[in-house]
Amino acid sequence: MVLPADLKDGFRDARDAEDADDLRIDDLDEDGSEPDEDFEPAGAIVPASSIAGRALFFVLAIMSFLACITVGAVAVIASASADWRSDISAEITVQVRPLEGLDVTAAVTEALDIIRSMPGVTGAGALSDQELRDLLEPWLGAGVDLDELPVPRLIVVEVDRSAPPDIGELRRRLSQSVPSASLDDHELWQGRLAVMANTLTISGSAILVLVLVATVLSVIFATRGAMASNRDIVEVLHLVGAKESFIAREFERHFLRLGFRGGLAGGLAALASFAAIRWSSSQFSATPAGDQFDALFGGLSIGWTAFAGIGLTVLLVAALTAMSSRLAVFRFLKVFD
Amino acid sequence: MIRFENVGLRYGMGPEVLRDVSFRIDRGSFQFLTGPSGAGKTSLMRLLFLALKPTRGLMSVFDHDVASLPRTDLPTLRRRIGVVFQDFRLLDHLTTYENVALPLRVIGKPETSYRTDVIELLHWVGLGDRVHVRPPVLSGGEKQRAAIARAVITQPEMLLADEPTGNVDPTLARRLLRLFMELHRLGTTVVIATHDIGLMDQYDARRFVLNEGRVHIYD
């Protein structure tokens, strides 16, 4: 370096002057310019201990946990709803009502012929008398005589989901040949399920946004506190010519680490919660309540979308933490200047 | 290099602490800034190291009008100025080495490129055996020398020292003055704020005397 060398020469000159004794700086090491010290990595300019890390870590972990639970729940419900809709749309039902003077068996056979002749139908079968009796048993008791009651006959039609039949055309043909037949493609149910699933997804997204906003606000308050308690450091950095981006980076580094650790802790806690729910639901699998639960959510399967969602949420919490702290630092420095 | 024309400064809605201050500081010059306590020395120093902007008047630093200078340009100008504070402003959690190296670190130089220079400078100011020591265990004189080393490590064009001898005994004060004289001899513009008449009498230099916010210059 030019300066110390020049200064050193200049200073030696000064020491050679008549008042050299007075000029000698304490402990001046004339030959000690060869550095041989073992160096530790340079210490952090903003010490981690000066950031109120513990409290913020827990806040971030809780926020991340809530966000991950929301993401996981939305993913589970969305997946269950897609399964319901896909199961329902894979089948349509044809009902043949026993009208006065109508040979129901012949009408069912004719309807089956029409249905099977339609492209896109992969299979069709009428429920047998025994199956009908089983369906009615909870209401009418055992041993129902179907000939004495005007019980409609049901035909279950399986359709090819990739190339479904023309429902309108099928309905038209059936009404022409078998006037007492009616076709139900579950459109109403599907619509209701879609509305419910969308409502849940939107509600979950709204909760997620609120949680993330609360996270950002917590980080902003924490950053302001950290900046205020490290005011001396900021001032010195300013005076030695540090750019705002440098100062922001020094703070951001801590908050990014804190955000990642907090986010990860929350994410892992959410995964543990899902595992616990799954385990406890499996304990009730043989019970009527467990069966209902399985029927609704399909065994609460946490698919890869839920895992990806939780992973992304953890990263999002870390990124939001770093970004919020950076913005707060810039805002602080603007006022500081 | 530095030009003040009718510069005034007030804090908030308070009275003016500096009034109609006009002077020039030429490149490579040496001057003392003196005056009684409360006369505005520290405020003037804060203006000089760009920690404040004047509330009126023209102030130009390195031929840049400070009033029209964007905030983003301030760090670049500050890097051309070395500052020694009366209270040192060393960071207590960093070692002496890290404190002195701080100006180089903030400009993004890799540590390996300046390690030798910093250690050499520390040896030169007599802190060769205090490299890894943190400021709380340094004596007042050692802190002062560390602060000076930090101020000169980047070879600034201008060195500002606010009461640099305020915390040291007369012998060390004289040594530090000689150090500033050496820096001046090597081409650095030096401004020393002090109310130590004895110190000023040791070196024949221009004196800015501040009194009640106004500056009087004695060449």
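As the structure is a computational prediction, the values presented were derived from the model and not from experiment.

A. Local environment of the overall build of chain A. The number of helices and strands found in chain A is 11 helices and four strands. Put simply, of all contacts in chain A between residues at least 6 apart along the chain, 86% involve residues at least 24 apart.

B. Molecular detail of the overall build of chain B. Each helix and strand counted, chain B has seven helices and 10 strands in total. Looking at chain B as a whole, 50% of its 219 residues qualify as buried. Taking the contacts inside chain B whose residues are at least 6 apart along the sequence as the reference set, 69% of them involve residues at least 24 apart.

C. Seen up close, helix H1 (residues 41-48) of chain B. With respect to burial, H1(B) is a largely interior element, six of its eight residues being buried. Directly after H1(B), the chain includes Leu50(B), whose backbone phi takes a positive value near 60°.

D. Structural detail: the environment of Phe23(B). Residue and element names in this part refer to chain B. Here Phe-23 shows up in strand S2 (residues 16-25). For Phe-23, a count of 17 C-beta atoms within 10 Å corresponds to the partly exposed category. Along the primary structure Phe-23 and Val-215 are separated by 192 residues, whereas in three dimensions their C-alpha atoms are 8.4 Å apart. Those residues within four positions of Phe-23 in sequence are excluded, and the remaining contacts are Phe-4, Phe-208, Val-215 and Ile-217.

E. The arrangement of the packing of helix H9 (residues 244-283) of chain A against helix H11 (residues 304-336) of chain A in detail. Residues and elements named next belong to chain A. Closest axis-to-axis distance for the H9/H11 pair is 7 Å, and the angle between their directions is 150°. As summarised for this structure, H9 and H11 are arranged roughly antiparallel, according to the angle between their axes. Taken as a pair, H9 and H11 cross one another with a handedness that is right-handed. Of the residues assigned to the contact of H9 with H11, the class counts are 18 nonpolar, seven polar and three charged.

F. Fine view of the sheet that holds strand S8 (residues 189-193) of chain B. Residues and elements named next belong to chain B. Pairing is mixed in the open sheet, where six strands are placed in the order S6-S7-S8-S3-S9-S10. The open sheet terminates on both sides in strands that have one partner only, identified here as strand S6 (81-84) and strand S10 (214-218). Shown here is a sheet whose adjacent strand axes are inclined to one another by a mean of 15°, direction ignored. Here S6 pairs with strand S7 (residues 158-162) via four bridges, running parallel. Bridge assignment links Val-83 to a residue of S7, and that residue is Leu-160. The strands touched by helix H6 (residues 170-185) within the sheet are strand S3 (30-34), S7 and S8, with S8 carrying the most contacts at an inclination of about 155°.

G. Inspection of the confidence of the model for chain B at higher detail. With 100% of its residues at a pLDDT of at least 70, chain B reaches an overall mean of 89. Reported confidences for the modelled complex are a pTM of 0.69 and an ipTM of 0.85.

H. Quick peek at the UniProt feature "transmembrane region" (unreviewed entry) in chain A. All names here are of chain A. Summarizing the sequence annotation, UniProt attributes the feature "transmembrane region" (unreviewed entry) to residues 55-78, 202-222, 258-277 and 297-322 in the numbering used throughout. Helix makes up 100% of residues 55-78 and strand 0%, with an end-to-end C-alpha separation of 34 Å. The span residues 202-222 is 100% helix and 0% strand, and its two end C-alpha atoms sit 30 Å from each other.

I. Quick peek at the pairing of strand S4 (residues 56-61) of chain B. Residue and element names in this part refer to chain B. Of the strand pairs in this sheet, strand S1 (residues 2-10) and S4 are connected by five bridges, and their pairing is antiparallel. Looking at S4, one finds that Arg-3 is bridged to Ser-60. Relative to strand S5 (residues 64-65), S4 runs antiparallel, the two sharing two bridges. Bridging across to S5, Ser-60 finds its partner in Asp-65. The antiparallel hairpin formed by S4 and S5 contains two residues in its connecting segment, where Phe-62 sits at a positive phi of about 50°.

J. Representation of the environment of Gly267(A) in the model. Residue and element names in this part refer to chain A. Take Gly-267: it is sitting in helix H9. Between the C-alpha atoms of Gly-267 and Cys-68, which are 199 residues apart in sequence, the distance is 5.9 Å. Beyond its immediate stretch of four places on either side in the chain, Gly-267 contacts Ser-64, Cys-68, Ile-310, Thr-313 and Val-314.

K. Quick look at the sheet that holds S4(B). Spatially, the four strands line up as an open sheet ordered S2-S1-S4-S5 (chain B), and their pairing is antiparallel. The open sheet has two edge strands with one neighbour each: S2 and S5 of chain B.

Criteria and thresholds
- Residues numbered from 1 in each chain as written.
- Chains lettered and ligands numbered in written order.
- Predicted model: local features only at pLDDT ≥ 70, side-chain atom pairs only at ≥ 80, totals over all residues.
- Helix = DSSP H or I, 4+ residues; strand = E, 2+ residues; numbered from the N terminus.
- Contact = placed C-beta atoms within 7 Å.
- Buried ≥ 20, exposed ≤ 12 C-beta atoms within 10 Å, placed from the backbone.
- Axes fitted to C-alpha atoms, helices over the stretch in contact; angles between N-to-C directions.
- Parallel < 35°, antiparallel > 145°, perpendicular 65-115°, else oblique.
- Left-handed = near helix turned anticlockwise from the far one by under 90°.
- Nonpolar A, V, L, I, M, F, W, Y, C, P; charged D, E, K, R; others polar.
- Pairing = 2+ DSSP bridges.
- pLDDT = per-residue confidence, 0-100.
- UniProt positions renumbered as here; feature names shortened; annotations may be inferred.

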